[in-house]
Number of protein chains: 2
Amino acid sequence: MGNVIIGQSGGPTAVINASLAGAIKAAKVNGIEKVYGMRHGIEGFLKDEVILLDDYFQDMNDLSLLKRTPGAFLGSCRFKLPKAKGNEAVYARLFELLEKYDIEYFLYNGGNDSMDTTLQLSQYAAAHGSNVKFMGIPKTIDNDLPVTDHTPGYGSASKYIATTMKEIIRDNESFGDTYPYIAIVEIMGRNAGWLTAASALSKAADCTGPDLIYLPESAFSVADFTTRVKDLCQYKSSIVIAISEGIRTADGTLVCEQSGSRGFTDSFGHKTLSGAGKVLADHLALETGCKTRAIEFSILQRCASHLASRTDVNEAYDCGYKACMAALHGETGKMITIGVPEREPYVVNYDITDVKKIANKEKMFPQEWITNQGTYISEDYLRYARPFVIGDVSPYFSGGVPKHATLSANTNFLRNDKLGYKDE
Amino acid sequence: MGNVIIGQSGGPTAVINASLAGAIKAAKVNGIEKVYGMRHGIEGFLKDEVILLDDYFQDMNDLSLLKRTPGAFLGSCRFKLPKAKGNEAVYARLFELLEKYDIEYFLYNGGNDSMDTTLQLSQYAAAHGSNVKFMGIPKTIDNDLPVTDHTPGYGSASKYIATTMKEIIRDNESFGDTYPYIAIVEIMGRNAGWLTAASALSKAADCTGPDLIYLPESAFSVADFTTRVKDLCQYKSSIVIAISEGIRTADGTLVCEQSGSRGFTDSFGHKTLSGAGKVLADHLALETGCKTRAIEFSILQRCASHLASRTDVNEAYDCGYKACMAALHGETGKMITIGVPEREPYVVNYDITDVKKIANKEKMFPQEWITNQGTYISEDYLRYARPFVIGDVSPYFSGGVPKHATLSANTNFLRNDKLGYKDE
């Protein structure tokens with residue numbers, strides 16, 4: 001039996017390291033001698049940047065701290081492995097490194113692009129008689145992977161968005177005695193509106209939730225938007241609006257592009273956006289004369305482990321565990337998917353799905369869950385998403401600030417004062 | 001014995017309602033018949049916007065939820081009471097309303113400007129033979145009130161800033177295999193750098209903390225800044241920088257004013273700033289060729305009750321309680337101040353101070369605590385601030401999202417499922 005190597009790829013989530021913890025646990029339970037980690041995913045692996053995870057994690061206390069750590073513990077990358085055809089040298093090098101470390105099980109944790117990497121590698125292995133198994137572990141706050149009911153990372157991002165949205169609504173309601181206060185909250189999502197939809201989870205007996213919610217899946221009309229906000233100003237002193245960074249007008253123009261703000265393009269050709277909230281806040285200030293403010297959740301929505309959802313942490317851990325188990329049972333070129341046979345009470349099961357069905361595909365927010373002429377979200381969505389945010393995971397505080405597992409921290413740090421994690 | 005009225009003023013904090021809870025408790029313990037709340041502070045009071053708080057809070061369960069609620073429960077205002085001279089009608093109206101509700105004790109929770117309101121009212125009362133007592137309760141995330149060791153609200157904002165800064169550092173470290181990633185985090189603080197300094201509390205055995213910290217108290221040099229970041233790029237793949245929104249160059253120009261971004265001016269003549277982080281991130285992208293990102297904590301740093309500091313919540317509660325007690329004992333024109341005779345172990349005591357010593361004054365961050373040519377914070381500051389962030393207060397979750405006390409929620413909501421607050 002060979003060794004296991006694990007890589008993390010793409011944007012981190014609050015629970016990306018919970019999947020790593022699950023995979024490590026499964027490997028050790030099954031007697032794998034060495035569990036390696038790639039630094040910075042496949043990009044670092046190609047440069048032979050490999051660490052031995054056994055040096056860092058020796059028992060469940062170590063893994064418990066890892067589960068509570070945001071960011072990619074191993075380092076991540078935004079590197080898309082080229083197709084084998086024409087890039088034989090890259091693949092030869094990669095399989096040479098797998099042999100060097102006696103790797104038999106290769107686990108890759110990421111989203112659509114990472115599943116493409118898993119696909120390419122498994123196909124190359126099959127074509128070249130390699131017995132290395134390649135398994136994908138789902139991960140993305142965007143919740144845009146097909147087949148799986150939802151993705152690890154989405155639940156914690158949703159809990160952060162719903163909680164913070166509710167806190168913003170409380171703060172915004174504090175004023176507005178003289179004229180309405182308007183807050184526009186910009187949430188991640190280039191093409192898919194799943195994250196922005198989660199803002200509706202702030203709605204409860206004690207909270208109206210956002211007044212308007214705009215997703216990229218629905219064409220944005222500046223005129224209609226302005227009219228609706230002016231109407232709200234007639235009877236509300238506090239108006240809070242949730243928008244996706246990727247909202248576009250009917251002709252396909254990004255709202256943020258109207259700001260003249262320069263965008264970055266990452267190596268997958270994705271445009272990095274920012275500023276739609278600012279554009280609309282400035283627009284409304286002029287149109288309504290109200291005090292307006294743009295708030296961007298930025299990367300906070302993907303790294304707020306202190307507010308992770310317990311449901312999400314556990315599912316991320318299980319996906320890592322099960323991906324490793326599947327590889328050990330000989331599966332390759334597949335990804336763990338989550339099924340939800342019942343939502344109330346919430347029941348999940350796990351399956352394994354061919355990565356071909358997942359790689360490079362995006363699952364959009366369903367049109368039938370967008371209501372009020374593209375300005376709100378239906379109860380069907382809330383029924384779908386509510387279970388994902390249930391439960392919390394207390395951080396291990398040290399000096400009042402959550403403690404993290406890091407590569408650079410002395411490894412003794414990870415293991416000292418095991419009984420004293422909660423110092424308060 | 002007359003009744004009590006309480007008002008909240010200025011920007012909310014995560015613990016502003018803990019002070020309200022403390023004041024209500026003290027009033028009820030001492031047999032005050034009616035405890036009133038002003039809607040939107042003195043501004044709403046002048047319009048006779050008054051509510052009876054006894055309708056909302058009947059026992060400690062109700063007050064416990066209030067302590068966990070961000071935003072100003074009563075509504076706040078940014079209204080500065082004019083001086084009595086020349087505005088006699090305003091004062092006459094105000095004291096008429098006090099009589100209408102048989103108010104003998106007037107408690108006002110706010111910062112420098114609110115203490116000016118307390119001062120004006122107490123002086124007017126003394127000059128006109130009124131027996132109404134006016135007591136101030138300190139409140140500001142800015143920590144810029146004189147006399148008091150620190151202010152309620154600062155500890156929770158600091159805990160949020162330190163925790164979130166640490167999570168951002170984790171996230172930012174995930175990348176940087178090819179070229180450094182630079183994040184600039186913009187923190188509130190027009191003139192005083194207390195909040196930005198709190199970013200240094202993220203430093204621990206598992207975290208380097210921010211690489212550079214810039215406060216408004218120290219002149220900002222774009223050239224020196226650029227050189228320092230370029231140096232860091234030589235040996236670090238992840239660079240995270242904390243800046244105050246109010247940083248200025250030696251000639252007094254705000255860095256954010258270089259962006260051409262329009263500012264608001266509130267009714268106290270304060271300029272509302274934003275954008276210094278964005279200006280510097282764009283500048284560094286051009287200068288270094290690195291991936292840069294600006295992150296603004298915006299109002300999240302003042303409304304994140306889900307991450308409040310227990311030390312801060314308790315002190316805010318105590319300040320409210322003690323202000324009410326002081327008024328009942330006949331004190332007027334004063335504010336509760338916090339003293340810290342010992343920092344390790346942390347010991348606090350409370351005093352009452354003439355508001356004249358506090359109103360309209362700002363306590364700046366000490367120059368001797370700014371180190372490395374204006375780019376970092378000393379260990380002395382950390383010793384000062386560490387106790388403020390200790391301890392957490394678990395939210396009462398409902399459906400995975402914290403529950404809040406609100407005026408608009410059915411009052412039964414506040415009181416139902418008392419034993420079921422933690423539904424998970």
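These numbers were taken from a predicted model, which means no experiment stands behind them. Within any chain, residue numbers begin from 1 and follow the written order of that chain's sequence. Each chain is given a letter, starting from A, and each ligand a number, starting from 1, according to the order in which they appear as written. Confidence filtering applies because this is a predicted model: local features only for residues at pLDDT of at least 70, side-chain atom pairs given and counted only at 80 or more, and all residues used for totals across whole chains, interfaces and linings. Neither water nor hydrogens contribute to the side-chain values; these are computed over all heavy atoms in the structure.

Novice: Help me understand the pairing of strand β12 (residues 334-343) of chain B, please; the structure alone is not making it clear to me.
Specialist: The side chains of a regular strand alternate between the sheet's two faces. Residues and elements named next belong to chain B. Two strands are counted as paired when DSSP detects at least two bridges linking them. Only DSSP runs of H or I with at least four residues qualify as helices, and only runs of E with at least two residues qualify as strands; both kinds are numbered from the N terminus onward. Looking at chain direction, strand β5 (residues 133-138) and β12 are connected through two bridges and run parallel. Opposite M135, over in β12, you have K334 as the bridge partner. Where β12 meets strand β13 (residues 346-354), eight bridges bridge the pair, whose relative direction is antiparallel. Along β13, the bridge assignment pairs T337 with D351. Count of turn residues in the β12/β13 antiparallel hairpin: two residues.

Novice: Please explain the interface of chain A and chain B as it appears in this structure.
Specialist: The extent of an interface is frequently quoted as the accessible surface area lost upon association of the parts. Contacts between the two partners involve 72 residues from chain A, matched on the other side by 72 residues from chain B. Take the accessible area each of two parts loses on contact, using a 1.4 Å probe, and add the two losses: that sum is the buried area. Note on chain A versus chain B: buried area summed over both sides is about 5,900 Å², and carbon and sulfur give 56% of it. Broken down residue by residue, the surface that chain A buries against chain B is led by E167(A), F175(A) and D177(A), which jointly contribute 11%. By convention in these notes, a salt bridge is any Lys or Arg side-chain nitrogen within 4 Å of a carboxyl oxygen on Asp or Glu. When the shortest N-O distance is used, the salt bridge between D177(B) and K47(A) registers 2.8 Å. Here a polar contact means two N or O atoms within 3.5 Å. Within protein one must be a hydrogen donor candidate and the other an acceptor candidate, and residues neighboring in sequence count only if both atoms are side-chain atoms. For the pair chain A and chain B, the interface holds 25 residue pairs in polar contact (both at pLDDT 80 or more). Broken down by secondary-structure element, the contributors of at least two residues to the side of chain A that touches chain B are α2 (41-45), α6 (154-173), α9 (276-288), β11 (291-296), α10 (300-303) and β17 (401-402) of chain A. Ranked by residues supplied to the side of chain A that touches chain B, first place goes to α6(A) with 11 residues. Within the side of chain A that touches chain B, the residues separate by chemical class into 26 nonpolar, 23 polar and 23 charged. By the convention used here, residues are in contact when the closest approach between their heavy atoms is within 4.5 Å. Gly is placed with the polar residues, together with every amino acid not listed as nonpolar (Ala, Val, Leu, Ile, Met, Phe, Trp, Tyr, Cys and Pro) or charged (Asp, Glu, Lys and Arg).

Novice: How do you make sense of the relation of the copies chain A and chain B when you look at a structure like this?
Specialist: Relating one copy of the chain to the other requires a rotation about an axis plus a shift along that axis. All copies are superposed by least squares; the fitting set is the C-alpha atoms of residues with a pLDDT of at least 70 in both. Least-squares fitting of chain A to chain B yields an RMSD of 0.0 Å, with the superposition described by an axial translation of 0.0 Å and a rotation of 180°. Viewed as a symmetry operation, the transformation between the two copies matches a two-fold axis. Taking C-alpha positions as reference, the residue of chain A nearest the rotation axis is E296(A), located at 3.7 Å. Taken together, the interface assignments show that 100% of the residues at the interface of chain A recur at the interface of chain B, consistent with an identical surface on both copies.

Novice: Looking at this model, I keep getting lost on α9(A). Mind explaining?
Specialist: Helical periodicity: at 3.6 residues per turn, an α-helix aligns residues three or four positions apart in one direction. Residues and elements named next belong to chain A. To estimate the expected span of a helix, count its residues, drop one, and scale the result by 1.5 Å. Its 13 residues give α9 an end-to-end C-alpha distance of 18 Å, which sits within 8% of 18 Å, the value for a rise of 1.5 Å per residue. Taken as a whole, α9 has its buried residues at A276, G277, V279, L280, A281, L284 and A285. The first or second residue beyond α9 is G289, which carries a positive phi of 75°. Exposure classes here rest on a 1.4 Å probe applied to the protein chains alone. A residue is buried below 20% of its type maximum, exposed above 50%, and partly exposed in between.

Novice: How should I be thinking about the packing of aromatic side chains in this particular structure?
Specialist: Geometrically, a pair of aromatic rings is defined through the distance of the ring centres and the angle of the planes. Residue and element names in this part refer to chain B. Working definition: rings of Phe, Tyr and Trp (its six-membered ring) pair if their centres are within 6.5 Å, and the pair is stacked with planes under 30 degrees apart, edge-to-face with planes over 60 apart, and tilted otherwise. With the rule as written, the count across this model stands at 58 aromatic pairs over all chains. Taking the centre distance of 6.4 Å and the plane angle of 80° together, the rings of Y154 and W194 count as edge-to-face. A residue pair is termed long-range when its members are at least 10 positions apart, and Y154 in helix α6 (residues 154-173) and W194 in helix α7 (residues 194-197) qualify at 40 residues. For the pair Y154 and W194, a shared accessibility class is recorded, and that class is buried. With a centroid separation of 5.5 Å and an interplanar angle of 80°, the aromatic rings of Y160 and F297 are classed as edge-to-face. With Y160 in helix α6 and F297 in the loop between β11 (291-296) and α10 (300-303), this residue pair connects regions lying 137 residues apart in the sequence. As far as the burial class goes, Y160 and F297 line up, both buried.

Novice: Got a minute to help me understand helix α4 (residues 88-100) of chain B in this structure?
Specialist: Residues and elements named next belong to chain B. Over its 13 residues, α4 runs 18 Å from end to end, which matches the ideal 18 Å to within 8%, given 1.5 Å per residue. Where α4 is buried, its residues touch α2 (41-45), β4 (103-110), α5 (112-127) and β5. After α4 finishes, the residue D102 shows a positive phi value of roughly 50°.

Novice: Hey, could you run me through the sheet that holds strand β5 (residues 133-138) of chain A in this one?
Specialist: Within a sheet, adjacent strands bond to each other through the backbone by hydrogen bonds, running parallel or antiparallel. All names here are of chain A. On the basis of which strands lie adjacent, the open sheet formed by seven strands has the order β3-β2-β1-β4-β5-β12-β13 and mixed pairing. What marks the edges here is a single partner per strand, and that holds for β3 (50-52) and β13 (346-354). The mean angle between the axes of side-by-side strands here comes to 30°, regardless of whether they run parallel or antiparallel. Relative to strand β4 (residues 103-110), strand β1 (residues 3-8) is paired through six bridges, and the arrangement is parallel. Counted as the bridge partner of N3 is I103 from β4. Where helix α5 (residues 112-127) meets the sheet, its contacts fall on β4, β5 and β12 (334-343), and the angle it forms with β5 comes to roughly 170°. On top of the sheet, helix α11 (residues 310-328) reaches β1, β4, β5, β12 and β13; it is set at about 170° to β5, its chief contact. Each axis is a line fitted through C-alpha atoms, taken for helices only over the stretch in contact, and angles between the N-to-C directions span 0 to 180 degrees.

Novice: Please explain the sheet that holds strand β2 (residues 35-38) of chain B as it appears in this structure.
Specialist: Residues and elements named next belong to chain B. Spatially, seven strands are ordered β3-β2-β1-β4-β5-β12-β13 in an open sheet, and the strand pairing comes out mixed. The two strands at the open ends of the sheet, each matched to only one other strand, are β3 (50-52) and β13. The average undirected angle you get between the axes of adjacent strands in this sheet is 30°. Sheet topology note: the β2/β3 ladder contains three bridges and is antiparallel. Residue pairing for β3: Y36 is matched across the bridge by L52.

Keep in mind these values describe shape, not function.
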